Amino acid sequence: MNAPARHWLYLAANALAYLLFFLAYYPPTHGVEDEVGFINQTLVLSRGAVTPEGAGFDGLQDFRPYNGRMVGIRNPGRPLLSAPFVALGGLRAVFLSGALVHLGLTLIGALIFVRLQVSPLWACLLLWHPTLSLYSRTVMGDTAAGLALLAAVLVLLSSRRPGAGAGLAIGAAAVMRYQAGMILPFFALAPSNFPSAVITC
């Protein structure tokens, strides 16, 4: 489906409205206790280190001793994604990464809908979903893992040989949330059973 340009414009207008709301109510601090670990790991990585000691800290929450060093106990993917924001804009800029992930989720969702022969405007269901939009204000790995899994779906729908691309996307999802790796065997079975009409549309 070649979606009308106005549908993409309407989606872009919705994305801009979301971004304006996000900036108007920019998170003043973390809202979920689990975020502390992700933010602390982000802070360490933003200084080019992997341990609090290497980044110049005596100790940070959600780091545990291992072989004489303190290591983070949270999934490393989300801190890796957030670290450039902190390195460039300071610690409070970490929340911008959530908005970027949310907009990426919306865009990939729109591309999937187009591959399925429907309007990209259906991606507004992702953009304005209450739980997803709320989570976009946090520094958690769930939505980032969902973004990578949607990317795997898009590869599956767009390529006759999706193995490598989908595998990399699922690997990225697992780095965000280890449990996301459980989807790998289902994706491995999907190409041989997927309707060819969808793949070739």
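Just so you know, the residues in each chain are numbered from 1, in the order the chain's sequence is written. A pLDDT threshold of at least 70 governs which residues receive local features in this predicted model, and a stricter bar of 80 or more applies before side-chain atom pairs are shown or counted, although totals over entire chains, interfaces and linings include all residues. Excluded from the side-chain calculation are hydrogens and water; included are all heavy atoms of the structure.

Before going further, it helps to examine the environment of V86. Only DSSP runs of H or I with at least four residues qualify as helices, and only runs of E with at least two residues qualify as strands; both kinds are numbered from the N terminus onward. Note on placement: V86 falls in helix α3 (residues 77-89). Judged by relative accessible area, V86 falls into the buried class, the value being 7%. Any two residues whose heavy atoms approach within 4.5 Å are treated as being in contact. Ignoring sequence-local partners within four residues, the contact set of V86 consists of T42, L43, S46, L91 and V94. Accessible area is worked out with a 1.4 Å probe on protein chains only. A residue is then buried under 20% of its type maximum, exposed over 50%, and partly exposed in between.

We now examine the nonpolar core. Looking at soluble globular proteins, one finds that nonpolar side chains tend to be buried together. Joining through side-chain atoms within 4.5 Å is the link that ties buried Ala, Val, Leu, Ile, Met, Phe, Trp, Tyr and Cys residues into a set, and such a set is a nonpolar core. Counting 19 residues, the largest nonpolar core has V44, F57, F95 and V139 as the members making the most contacts within it. When residues of this core are traced back to their parent elements, those giving at least two are α1 (5-24) and α2 (35-46). Ranked by residues supplied to this core, first place goes to α2 with four residues. Setting aside its immediate chain neighbours within four residues, V139 contacts E35, F38, I39, R78, S82, V94 and F95.

The criterion for strand pairing is that DSSP finds at least two bridges linking the strands in question. As defined by bridge partners, strand β1 (residues 63-66) adjoins strand β2 (residues 69-72) across four bridges and the pair is classed as antiparallel. Note on β2: the bridge partner recorded for Y66 is R69. Counting the residues in the hairpin turn of β1 and β2 gives two residues, including N67, whose phi is positive at 50°.

The next subject is the pattern of salt bridges. In what follows, salt bridge is the name for a side-chain nitrogen of Lys or Arg lying within 4 Å of a carboxyl oxygen of Asp or Glu. All told, the structure shown has three salt bridges when counted by the stated rule. Notably, a salt bridge pairs D34 with R74, separated by 3.3 Å at the nearest N-O pair. Here the residue D34 occupies a position in the loop between α1 and α2, and R74 occupies one in the loop between β2 and α3, the gap between them amounting to 40 residues. With its nearest N and O atoms 3.2 Å apart, the salt bridge here joins D142 to R177. Taken as a pair, D142 in helix α7 (residues 142-158) and R177 in the loop between α8 (163-176) and α9 (184-193) lie far apart in primary sequence, 35 residues in all. Owing to a relative accessible area of 18%, R177 belongs among the buried residues under this scheme. Here the residues in one salt-bridge network are D34, D62 and R74, joined through shared partners.

It is worth spelling out the confidence of the model for the protein chain at this point. Values of pLDDT, ranging from 0 to 100, describe the predictor's confidence in every residue of the model. This prediction gives the protein chain a mean pLDDT of 89; 94% of its residues lie at or above 70. Note on residues 195-201: pLDDT is under 50 here. Beyond four places in sequence and across chains, it has 12 contacts.

It is worth spelling out the environment of A169 at this point. Within the secondary structure layout, A169 lies in helix α8. Considering only alpha carbons, one finds A169 and T143, 26 residues apart in sequence, at a separation of 14 Å. Non-local contacts of A169, meaning those with residues more than four positions away in its chain, are made with A148, A151 and A152.

With that out of the way, let us pick up α1. For α1, built from 20 residues, the straight-helix expectation of 28 Å at 1.5 Å per residue is met to within 8% by its first-to-last C-alpha distance of 29 Å. In this structure, the buried side of α1 is in contact with α4 (96-115) and α5 (124-127). The span one expects for a helix is its residue count, reduced by one, times 1.5 Å.

Of note in the backbone geometry, D62 takes a positive phi value of approximately 70° without being a glycine. Mapped onto the elements, D62 comes out in the loop between α2 and β1. Relative accessible area serves as the criterion here: at 8%, D62 is assigned to the buried category. Phi angles above zero are rare outside glycine, and N67 is one such case at about 50°.

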